[in-house]
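So you can see what is in the structure, the chains are spelled out below.
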Amino acid sequence: MHSSFSVLFVCLGNICRSPMAEAAFIAETHKRKLNILIDSAGLGGWHVNEPPDTRTIKEVARHNIDIRHYLGRQVQPDDFLNFTHIIGMDHKNISQLKKLSPPLSEHKISLLMDYTPNHKGQAVADPYYGDQSDFEVTWNQIYLGITCLADYFEKKL
């Protein structure tokens, strides 16, 4: 089934939350046989061409997904043209994305947890300054969000 939908997950550095969301959503869409282009990026350029945080790799691997080959990238102006949905992990991400977005592209920007019935308006916790258990908490939030996001796309397709 061909889809005209594409999703870009965005966080600050593209080493924790957004690659986690990308990996989880790819796995979920494959399971549901949804054909959606999926990528992730960071607002800052500190980790361009670097792999995700080792704690991110470890947490995602606990769910049988290997992301060691992922490389960080920064949000680019073309992303606002190339993606139908640009999904931020927290309110600061959303605010920055809206400042970067060209006119008439703001409608593409949303918060991941806004797709969930009971957690609208909530941010996905940033685990960067925590320990491995914080990455597990973040995975659980992201998994809930991407499951609801997949439900959203299933209804649209």
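Residues numbered from 1 in each chain as written. Predicted model: local features only at pLDDT ≥ 70, side-chain atom pairs only at ≥ 80, totals over all residues. Heavy atoms only, no water.

**Student:** I'd like a description of the side chain of serine 18, backed by residues and values.
**Tutor:** Checked against the element boundaries, serine 18 lands in helix α1 (residues 17-32). Relative accessible area serves as the criterion here: at 0%, serine 18 is assigned to the buried category. The contact partners of serine 18, leaving out residues within four places of it in the chain, are Phe9, Val10, Cys11, Ser40 and Ala41. (Helix = DSSP H or I, 4+ residues; strand = E, 2+ residues; numbered from the N terminus. Buried < 20%, exposed > 50% of the residue type's maximum accessible area, 1.4 Å probe, protein only. Contact = heavy atoms within 4.5 Å.)

**Student:** So what's going on with the packing of aromatic side chains? Residues and values would help.
**Tutor:** Geometry of an aromatic ring pair is reported as the spacing of the ring centres plus the angle between the planes. Within the structure shown, the criterion is met by seven aromatic pairs. Centre to centre, the rings of phenylalanine 25 and phenylalanine 153 are 6.2 Å apart; their planes meet at 50°, and the pair counts as tilted. One end of the pair, phenylalanine 25, is in helix α1; the other, phenylalanine 153, is in helix α5 (residues 132-156), and 128 residues separate them in sequence. Overall, the relative accessible area of 0% leaves phenylalanine 25 in the buried class. Accessibility expressed as a relative area gives 0% for phenylalanine 153, which makes it buried. Aromatic side chains tryptophan 139 and tyrosine 143 sit 6.0 Å apart centroid to centroid with 20° between the ring planes, which places their arrangement in the stacked category. Remark: tyrosine 143 and tryptophan 139 occur in helix α5; sequence separation between them is four residues, near one turn of the helix. Members of the aromatic cluster, connected to one another through ring pairs, are Phe5, Phe9, Phe25, Tyr115, Tyr152 and Phe153. (Phe/Tyr/Trp six-rings, centres within 6.5 Å; stacked < 30°, edge-to-face > 60°.)

**Student:** Pulling in residues and values, what's your account of the pattern of salt bridges?
**Tutor:** Within this structure, the stated rule accounts for 12 salt bridges. The partner of glutamate 59 in a salt bridge is arginine 62, with the nearest N and O atoms 3.0 Å apart. Through salt bridges with shared partners, a single network forms among Glu28, Lys31, Arg32, Asp151 and Glu154. (Salt bridge = Lys/Arg side-chain N within 4 Å of Asp/Glu carboxyl O.)

**Student:** Residue-level account of the environment of tryptophan 139, with values.
**Tutor:** On the accessibility criterion, tryptophan 139 (4% relative accessible area) is buried. Between the C-alpha atom of tryptophan 139 and that of alanine 24, which follows or precedes it by 115 residues, the distance is 8.6 Å. Other than its neighbours up to four places away in sequence, tryptophan 139 contacts Met20, Ala24, Glu59, Val60, His63 and Ile65.

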